[in-house]
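# Examination of the molecular architecture
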Amino acid sequence: MVRLTPAGGTPRTDGVPPAGVPAIAPTEPVGAGYIPPARRGRVRQYLYERPLVMDAVVVVASIVLSLGAIVETAAGGHWWQLAVVVLEQAALFLRRQAPWPMLAAIVAADTAVLFATPDVGSTSAAVWFALYAVAVNVRTLWALVTAVAASVPIAAYFAFAYRPGEQFLAEHGPFIGLVASLSVVLSNLVAVGVGIVVRGNRLHQAEVREWAMRRAQFASVQERNRIAREMHDVVAHSLTVMVTLSDGAARVVDRDPESAKAVLGELSGTGRAALADMRRVLGVLRADSGSAGRTPALGGLQSLVDGFRAAGLPVTLTQDGEALPSDAALQLAVYRIVQESLTNVLRYARGVGRVDVRVAREAGVVRVRVENDGGTAPEGPDAYLGTGGGIAGMRERAAIFGGSLRAAPRSGGGWRVDAELHWTERD
């Protein structure tokens, strides 16, 4: 798992939620109890999935904000200066690949144009977008230092070298250069400030997602350990007793048939008890007494969905028909199937716009469907890092209730999990 480091700190590895997120007990659903971060709208999601389009939007915005410099250099016949200003805008296409060289080149070009055409007095807005690109990739202190350093050449020009005409100076006062210098510094700080805020939001959301995944993995480990303990009780203890009894019966069957018969009776009773325990482990998986968090009711599903929504999934829950049966094992199986399906979406899907969870109760059947709308899958040789154990576990849970589970890609993109669980209706 990739460890994400918040600004000015180290990654958390102790299961403690990030700042602003309350701690949750291990048996609570992931992320319950806090407001989920806002998810991307259609336009933001479209641009997020197409970085080249986003870069083009940035360049166009910079051109619009730099129209003053473009028009004035063209009107004054300063053709090489005009070319430099236009190239500054094109350089913004490198804001992802080489933000530092891009920023240095834009600041140098802006300074050269300003010193060559002091009568124009306008600079390009490309430096703001360049500062933003740097600020979203470095810590706050370095971002602020960068903003000040990038402001020095132009601010120093306005403060010490800029000399407006005498009439302009008489009308606007002797401090016009100083005001222009401060304006440059403040505008650059604003651009960096926006980048700092965006970077902080991204780090927070990434940290929340990582924390939610750790909590889901922790809950999965707890579940496996609990089942392993029960299986140990059934297999290790009961089968050991059965082997011992059978060995004893084999030794005495010839010389003491009555004793052998008694031993075989004990063996039969132990086998029946072991079979009942096995059915309890595989067919019930009930919670320890007093542990309500192990047997979630239908309201627990809503809390589970709320937790994954808080972790960044745009998930909704739909419940059709009556409430789930009171069978705690069935409720737990439905809960775990939904939990595992949503965890897989959280871990492997990219750019998901919608995740639908539908739980429907019919006569003797509970149907569960979890599907997403076609987010982009990871690329490369290690695109799918899962082992398939989670799907196998869900399939086993459905099989306990005589049902089935199918997990496969959707025809229109995305992924779908369909589960069907059966139980006997009782009055």
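Residues numbered from 1 in each chain as written. Predicted model: local features only at pLDDT ≥ 70, side-chain atom pairs only at ≥ 80, totals over all residues. Heavy atoms only, no water.

### Observations concerning the overall build of the protein
How we decide: Helical segments are the DSSP runs of H or I of at least four residues, strand segments are the runs of E of at least two, and each set is numbered from the N terminus. Contacts between residues were defined by any pair of non-hydrogen atoms, one from each residue, lying within 4.5 Å. Residue burial considers only the protein chains on display, and all accessible areas are found by Shrake-Rupley using a 1.4 Å probe.
On a plain count of helices and strands, the protein comes out with 13 helices and 5 strands. By sequence separation, contacts in the protein at least 24 residues apart represent 72% of the contacts at least 6 residues apart. As presented, the protein carries roughly 23,200 Å² of accessible surface, and 60% of it is formed by carbon and sulfur atoms.

### A look at the environment of T318
What counts, and what does not: The cut-offs for exposure are 20% and 50% of the maximum accessible area for each residue type, with area from a 1.4 Å probe on protein chains only; residues under the lower value are buried, those over the upper are exposed, and the others partly exposed.
Within the secondary structure, T318 is located in strand 1 (residues 315-320). When its relative accessible area of 30% is taken as the criterion, T318 is described as partly exposed. C-alpha separation for the pair T318 and Q302, spaced 16 residues apart in sequence, amounts to 9.4 Å. If we ignore the near neighbours within four places in the chain, the residues touching T318 are V357, R358 and V359.

### Observations regarding the sheet that holds strand 3 (residues 365-372)
Defined as follows: Think of it this way: DSSP has to see at least two bridges between two strands before they count as a pair. Axis lines are fitted to C-alpha atoms, over the contacting stretch for helices. Their N-to-C directions set the angle, which ranges from 0 to 180 degrees.
With mixed pairing, the 5 strands of this open sheet are ordered in space as 1-2-3-5-4. Each end of this open sheet is capped by a strand with a single partner; those strands are strand 1 and strand 4 (404-409). Here the strands of the sheet are splayed against their neighbours by 10° on average, with no regard to which way each runs. Here 6 bridges tie strand 1 to strand 2 (residues 355-362), and the two strands are oriented parallel to one another. Bridged to Q319 within strand 2 is V359. Against the sheet, helix 12 (residues 328-348) contacts strand 1, strand 2, strand 3, strand 4 and strand 5 (415-422), and its axis sits at roughly 10° relative to strand 3.

### Brief notes about the packing of helix 1 (residues 42-49) against helix 2 (residues 51-65)
Relative orientation and spacing of two packed helices are given, respectively, by the angle between their axes and the distance between those axes. Applicable threshold: Roughly parallel here means an angle under 35 degrees, roughly antiparallel means over 145, roughly perpendicular means 65 to 115, and every remaining angle is called oblique. Amino acids are sorted into nonpolar (Ala, Val, Leu, Ile, Met, Phe, Trp, Tyr, Cys and Pro), charged (Asp, Glu, Lys and Arg) and polar (every other residue, Gly among them).
Contact geometry for helix 1 and helix 2: axes closest at 5 Å, N-to-C directions at 110°. Relative to helix 2, the element helix 1 is oriented roughly perpendicular. Two secondary-structure elements touch here, helix 1 through Y46, L47, Y48 and E49 and helix 2 through P51, V53, M54 and V57. Here the contact of helix 1 with helix 2 is composed, by residue class, of 7 nonpolar, no polar and 1 charged.

### Some details on the packing of helix 2 against helix 6 (residues 126-135)
Remark: helix 2 packs on helix 6, axes separated minimally by 8 Å, with the N-to-C direction vectors making an angle of 145°. From helix 2, V58, A61, S62 and L65 reach across to helix 6, where they touch A126, W128 and F129. Here the residues of the contact of helix 2 with helix 6 sort into 6 nonpolar, 1 polar and no charged.

### Brief notes about the confidence of the model for the protein
Should the pLDDT be low somewhere, the predicted coordinates at that spot are not to be read in detail. As a reminder of what qualifies: pLDDT: the predictor's confidence for each residue, scored from 0 to 100.
Summarising the model, the protein shows a mean pLDDT of 75, and 71% of its residues fall at 70 or more. Here residues 286-294 is a poorly scored stretch, pLDDT under 50, and it has 13 contacts once near neighbours within four places are set aside; other chains count. Overall, residues 378-387 carries pLDDT values under 50, and its contacts beyond four positions in sequence, including any with other chains, amount to 6 contacts.

### Some remarks on the nonpolar core
Stated formally: The set of buried Ala, Val, Leu, Ile, Met, Phe, Trp, Tyr and Cys residues whose side-chain atoms join them within 4.5 Å is what this entry labels a nonpolar core.
In terms of nonpolar packing, the biggest core is built from 36 residues, with V334, L342, V368 and L421 touching the most fellow members. The leading source of residues in this core is helix 12, at 10 residues. Ignoring sequence-local partners within four residues, the contact set of V334 consists of L301, L324, V359, V366, V368 and L421. Membership of the second largest hydrophobic core comes to 22 residues, among which are V59, M102, A135 and A143.

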